[in-house]
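Topology and contacts: notes
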Amino acid sequence: MTEAAGVGRSAAPLPDARWYVITTTMQNGVSSTFITAPDGLRLHARCYGARIAPATPVICLPGLARTAADFEALASALSHDKPLRRVIALDYRGRGLSQYDRNPANYALPVELADVLAVVTALDVAPAIFVGTSRGGILSMLLAAVRPTAIVGVVLNDIGPVIEPQGLMRIKSYVGKLPQPRTFEEGAGILRRLFSGQFPKLDMADWLASAHRMFKEEKGRLVPTYDVKIATTMNGVDAERRVPTLWLQFDALKAKPVMVIRGENSDLLTAETVDAMRARRSSLDVLEVPDQGHAPLLTDADTIGRIVEFVHRCDRTVH
């Protein structure tokens, strides 16, 4: 239940380190860190694990209208695994606890790539293993093209070099247009009606947890956990227009370990695209998650276990 959009724009300029300001608070062993982006906007990241840890750090990048909260289960598992490692889950600008941008044109891949570079530099977590869901996977591939030394390995969660217009049109139909629920239970019902076709095995507890990630309380009412103006990033999406492919960016990862996760019911990443990715690199680690669509939730033990195994393999390429 994440999104990709805005492909085909130019790469971001590298950020200037003098703009960084970091403030951290602790709650339940997880730090809440705020970083000043190159243009002065305040970004938020959840940081798991000790600042100094022996294993390669992991950076989690969510989908278009998603937040760092999507990685809670995975980040917790990775940060408590042996050897201990630091895990960073980012809220893009306009999402979660990050500041909203007054100019919605800045909800664009070049700006967000500069933001990712700012966070990586400010928190001193390069090189790192990146876990990118949907838009986060696009940003990971773009990063490989402009700063390959920042990457040890990449998990692409339900995203690849070919993005299906049908999936983008479905995403366009609801981003920034969700009904306003009166309660989280009502929000769970809304999400179930929208997404049960792609996620048929989720129960009401799962939908309620999703509602708590999708909505927040603000001034006595429930609102999305993202700036609804993010919907403007989808303005150019057309069912008849193919999205520019990212094969060059994918090939920039040729020297890095790569894992691709596909939801069995995904309408954004096809099995044919995964086959084409594997044909370009036989070492590609592929996992298809049954009964899930775009994008797999990364919360079940089997999927988390496979990601942990992949991360350990990435560690061995560094040490």
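The structure under discussion appears in the preceding block.
About the thresholds
- Residues numbered from 1 in each chain as written.
- Predicted model: local features only at pLDDT ≥ 70, side-chain atom pairs only at ≥ 80, totals over all residues.
- Heavy atoms only, no water.
- Axes fitted to C-alpha atoms, helices over the stretch in contact; angles between N-to-C directions.
- Helix = DSSP H or I, 4+ residues; strand = E, 2+ residues; numbered from the N terminus.
- Parallel < 35°, antiparallel > 145°, perpendicular 65-115°, else oblique.
- Left-handed = near helix turned anticlockwise from the far one by under 90°.
- Contact = heavy atoms within 4.5 Å.
- Nonpolar A, V, L, I, M, F, W, Y, C, P; charged D, E, K, R; others polar.
- Phe/Tyr/Trp six-rings, centres within 6.5 Å; stacked < 30°, edge-to-face > 60°.
- Buried < 20%, exposed > 50% of the residue type's maximum accessible area, 1.4 Å probe, protein only.
- Pairing = 2+ DSSP bridges.

So, the packing of helix α1 (residues 72-80) against helix α9 (residues 301-318)
Interaxial distance between α1 and α9 falls to 10 Å at its minimum, and their mutual angle equals 45°. Considered as vectors, α1 and α9 are oriented oblique to each other. Here α1 runs over α9; the crossing is right-handed. Across from Ala 73, Leu 74, Ala 77 and Leu 78 in α1, the residues of α9 making contact are Ile 304, Ile 307, Val 308 and Val 311. Taken together, the residues of the contact of α1 with α9 sort by class into eight nonpolar, no polar and no charged.

Looking at the packing of aromatic side chains
Tallied over the full model, the rule gives two aromatic pairs. Between Tyr 174 and Phe 195 the ring centres are 5.0 Å apart and the planes differ by 85°, which places this aromatic pair in the edge-to-face class. With Tyr 174 in the loop between α4 (165-172) and α5 (184-195) and Phe 195 in helix α5, this pair connects stretches of sequence that are 21 residues apart. Each member of the pair, Tyr 174 together with Phe 195, is buried. Arranged with centres 5.9 Å apart and planes meeting at 80°, the rings of Trp 247 and Phe 250 form a pair that is edge-to-face. Here the residue Trp 247 and the residue Phe 250 both occupy positions in helix α7 (residues 247-251), the gap between them amounting to three residues, near one helical turn.

What about the pairing of strand β6 (residues 128-133)?
As a general feature of sheets, a regular strand has side chains that alternate between the two faces. Of all six residues in β6, six are buried; the element is thus mostly enclosed. Residues of β6 alternate between two faces, with Ala 128, Phe 130 and Gly 132 on one and Ile 129, Val 131 and Thr 133 on the opposite face, all of them buried. Here strand β4 (residues 58-61) pairs with β6 via four bridges, running parallel. Its bridge partner lying in β6, Cys 60 is registered against Val 131. Here β6 pairs with strand β7 (residues 151-157) via six bridges, running parallel.

Focus on the environment of Gly 187
Within the fold, Gly 187 resides in helix α5. The spacing of Gly 187 and Asp 238 is 51 residues in sequence and 28 Å in space, taken between C-alpha atoms. Gly 187 has contacts with Pro 181, Ala 211 and Phe 215, leaving out every residue within four places of it along the chain.

Brief notes about the sheet that holds β6
The nine strands lie next to each other as β1-β2-β3-β5-β4-β6-β7-β10-β11, forming an open sheet whose pairing is mixed. Every interior strand has two partners, whereas the edge strands, β1 (22-27) and β11 (285-289), have only one. On average, each strand axis in the sheet is inclined to that of its neighbour by 20°, with strand direction left out of account.

All we've got here are geometric facts, nothing functional implied.
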